[in-house]
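# Structure assessment
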Amino acid sequence: MKKIVLIGSIVCVVVVIIVVIWALIASGGFLWKQFPSWIAGGEKTVSESIRKVEELLPGLKERAKEVAPGVAEKVKEIIPGEIPAEDVPGEDIKQVPRYPGLIRVSYAMTDQKRTIVYRGRMDFKETSNFYQKEMVRLGFNKKVISASPEEEVYEYRKRRQRLEVRFKKIKTIRSEITELTVKEM
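Residues numbered from 1 in each chain as written. Predicted model: local features only at pLDDT ≥ 70, side-chain atom pairs only at ≥ 80, totals over all residues. Heavy atoms only, no water.

### Here we look at the side chain of Thr178
With respect to the secondary-structure elements, Thr178 resides in strand S6 (residues 176-184). On the accessibility criterion, Thr178 (0% relative accessible area) is buried. Among the polar contacts listed, one links the side chain of Thr178 to the backbone oxygen of Met122, at a separation of 2.9 Å. Setting aside chain neighbours within four positions, we find Thr178 in contact with Leu102, Tyr118, Arg119, Gly120, Met122, Asp123, Phe124, Thr127 and Lys168. (Helix = DSSP H or I, 4+ residues; strand = E, 2+ residues; numbered from the N terminus. Buried < 20%, exposed > 50% of the residue type's maximum accessible area, 1.4 Å probe, protein only. Polar contact = N/O pair within 3.5 Å; in protein donor to acceptor, adjacent residues only side chain to side chain. Contact = heavy atoms within 4.5 Å.)

Below, the structure written as structure tokens:
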């Protein structure tokens, strides 16, 4: 009798452990499926809050510059998507066309190789497609280095010229910004 009770107890404990493990796995799967929508909801709430602050406090950046220059930099970090009104000093690479609306936001030259960054409020995929067609039309051979919904990297070659062209999607409150980096290699 004691053996039957002992075996029955062990079987009950094993069944309870199996049920608990199954419940943990099932709830983990549920949470895994729900997590992206929860993140998107939180991101939307934060974006909407920042947009409301911008509406309530027009000229926040300008006022911050007047009060304290250091605060202005923090405001820029909080409210992303700054694009200057005109190009920063530098030069474009002659063989590379510029998509309409892109502004040169950064220019650097290292060892006679240029790296240029452009930004604009335009569709990421449309901009990428424009460059793919134009670069091939200009005689460049295209090689995909990496691709994701937020970033694409290509290598273009024409004779001895080698370029890395990187497209990056930046989501902001107001619109989508596409960042293009062209790097001579």
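### As for the pattern of salt bridges
Summed over the entire model, instances satisfying the criterion amount to 13 salt bridges. Of the charged contacts in the structure, one is a salt bridge between Arg104 and Asp92, with a shortest N-O distance of 2.8 Å. Here Asp92 lies in the loop between helix H3 (69-78) and strand S1 (103-110) and Arg104 lies in strand S1, a separation of 12 residues in the sequence. Note that Arg157 and Glu155 form a salt bridge whose closest N and O atoms lie 2.7 Å from each other. Several salt bridges converge on common partners, so that one network encompasses Asp87, Asp92, Arg98 and Arg104. (Salt bridge = Lys/Arg side-chain N within 4 Å of Asp/Glu carboxyl O.)

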